[in-house]
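# What the coordinates show
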Amino acid sequence: MGIDKRKDDHIYLASSELSQIGSAWFEEVILIHNALPEIDFSEVDLTTRFLGAPVKAPFGIGAMTGGTELAGKINAELAKAAEEFGIPIYVGSQRIALVKPEVKWTFEVVKQNAPHVPKVANLGAPQLAELGERELEEWVVQAIDMIDAYAIAIHLNAAQEVVQPEGEPRFKGVLEKLKIVKRAAGRPLIVKETGNGISKEVAARLSGIADAIDVGGFGGTSFVAIEGARTKESPLQKRLAETYKWWGIPTAASICEVKSAYAGYLIASGGIRSGLDGAKAIALGANFFTMSQPLLKAALDGRLREEIAMIIAELKTAMFLTGARTVQELALVPRVYGPRLRNWIEQRRLTC
Ligand SMILES: Cc1cc2nc3c(=O)[nH]c(=O)nc-3n(C[C@H](O)[C@H](O)[C@H](O)COP(=O)(O)O)c2cc1C
């Protein structure tokens, strides 16, 4: 199957309900209402830093797409909105443009339409495993130049690769290769999952290599479910996808996992569906959060700006009602955890 068809399939399937599996466990986090916040709503300040770069809000547009006509149009729309709201934007895997230079424009539209906000380049762990050192360095430099990236994200997507019809479940040597990426990039390295979460053990192994971990937890878009829906010929892969679409660490638990073992910058993603979910992610210990599927859907429906404005309003309201004037104060607000998250924290001996 052609890579172009796969990219467009991902866009269509991700925007349908069948891609949304389980819960990210934000219902397990209750922020305590502050009836006497002693601030005015207008004072709530969302400005913060994204890996050192000043941004207007603690959230951005997650890694999604590129490589086809449709993906190029979506990237241009997402980039315009990112620029307008002063928030960071990731692009989807740039591998397609490195093997097919004629589709580079579908990523370049991001730097053209969002010249002033931090942009994040993207490559996948399977490419790290397959490329030699010299070639990998070249790919990293080209991916960064293509969008004038402030940082580069490497995605870890083992579950997707194992159920994908044309998947490449090769992860041997990836940790060492991440060091090459970091050296070649000369800018922040984000290591991210794509919907199955990151544990404290993995976070500890990434310490000193990754400048940021993006948890990409379970409970939102499931690439296992998406690949399962794409698989026509292989009953085995269809069955694998059905069994494993429930596999992963819910995002709220993954934030606690990473926070307990990693002192670097922490990004929450996976199943964040409102500014309130995002506020809970920050209260749990994330510095920043990203949303993907809801913004893709909003872009396809022509209501992207309204959606971003809504997320901002929800986030500001969470801060006002907890008496947090700044993003730093939001990290400290009182909260209660539900039994599943509390049990997870206890069994895994996490500090959260
Ligand atoms: C259509 C689509 C394509 C994606 N492609 C990529 C990708 O190329 N690289 C990547 O790192 N993550 C990719 N992701 C995963 C997202 O970055 C994110 O980790 C995941 O969708 C969970 O967030 P969500 O629940 O808010 O959608 C993609 C997500 C979507 C919806």
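Along every chain, residues carry numbers that run from 1 in the direction the sequence is written. Where local features are concerned, this predicted model is filtered to residues with pLDDT of at least 70; where side-chain atom pairs are given and counted, the filter is 80 or more; whole-chain, interface and lining totals use all residues. Side-chain descriptors were evaluated using all non-hydrogen atoms of the structure, hydrogens and water having been removed beforehand.

For clarity, the threshold we go by: UniProt positions are given in the numbering used here, feature names are shortened, and annotations may be inferred rather than shown by experiment.
As annotated in an unreviewed UniProt entry, the protein is Isopentenyl-diphosphate delta-isomerase from Pyrobaculum aerophilum. Recorded under Catalytic activity (unreviewed entry), the UniProt text for the protein is reproduced unchanged: "isopentenyl diphosphate = dimethylallyl diphosphate".

### Considering the state of the cysteines
Operational definition: Note on terminology: disulfide denotes any pair of cysteine sulfur atoms within 2.5 Å. Where helices and strands are cited, they refer to DSSP runs of H or I of at least four residues and of E of at least two residues respectively, numbered from the N terminus.
In total, this model carries 1 disulfide according to the counting rule given. Between Cys 256 and Cys 352 runs a disulfide, and the two sulfur atoms are separated by 2.1 Å. Disulfide Cys 256-Cys 352: torsion about the S-S bond near -65°, hence left-handed. Separated by 96 residues along the polypeptide, Cys 256 in helix H12 (residues 251-261) and Cys 352 in the segment after helix H17 (339-347) bring together distant segments of the chain.

### Quick notes on the nonpolar core
The nonpolar side chains of a soluble globular protein tend to be buried with one another. Selection criterion: Here, nonpolar core refers to any group of buried Ala, Val, Leu, Ile, Met, Phe, Trp, Tyr and Cys residues whose side-chain atoms link them within 4.5 Å. Classification of residues uses two cut-offs on accessible area relative to the type maximum, computed with a 1.4 Å probe and protein chains only: under 20% is buried, over 50% is exposed, and between them is partly exposed.
Formed by 102 residues in total, the largest nonpolar core has its most connected members in Ile 152, Leu 178, Phe 289, Ile 308 and Leu 341. Considering every element that reaches this core, the biggest residue donor is helix H2 (residues 69-85), with 8 residues. One finds Tyr 90, Val 120, Ala 153 and Tyr 265 within the second-largest nonpolar core, a separate group that totals 13 residues.

### Digging into the UniProt feature "domain: FMN-dependent dehydrogenase" (unreviewed entry) in the protein
Mapped onto the present numbering, the UniProt feature "domain: FMN-dependent dehydrogenase" (unreviewed entry) falls on residues 26-94 and 254-330. Taken as a whole, residues 26-94 contains 25% helix and 20% strand, while its terminal C-alpha atoms sit 31 Å from one another.

### Quick notes on the site of the ligand
What counts here: Residues are classed as near a molecule or strand on a simple rule: at least one heavy atom within 4 Å of it. Pairing of N or O atoms within 3.5 Å defines a polar contact, subject to two protein rules: one partner must be a possible hydrogen donor and the other a possible acceptor, and residues neighboring in sequence count only if both atoms are side-chain atoms. In short, Shrake-Rupley with a 1.4 Å probe defines the accessible areas, and a residue's cover is counted only from the protein chains shown. All residues other than Ala, Val, Leu, Ile, Met, Phe, Trp, Tyr, Cys, Pro, Asp, Glu, Lys and Arg, Gly among them, are scored as polar; the first ten of these are nonpolar and the last four charged.
Around the ligand, the structure places 21 residues, and the nearest of them are Ala 63, Met 64, Ser 93, Thr 221 and Arg 273. Contact between the ligand and Ser 93: an oxygen atom at 2.8 Å from a main-chain N or O atom of the residue. One of the backbone nitrogen or oxygen atoms of Gln 293 is found 3.0 Å away from an oxygen atom of the ligand. Taken by itself the ligand offers 600 Å² of open surface, and the protein chains cover 95% of this. Among the elements of the structure, helix H1 (3-14), strand E8 (189-193) and helix H14 (293-300) are those that each provide at least two residues to the shell around the ligand. Counted by class, the shell around the ligand contains 6 nonpolar, 12 polar and 3 charged residues.

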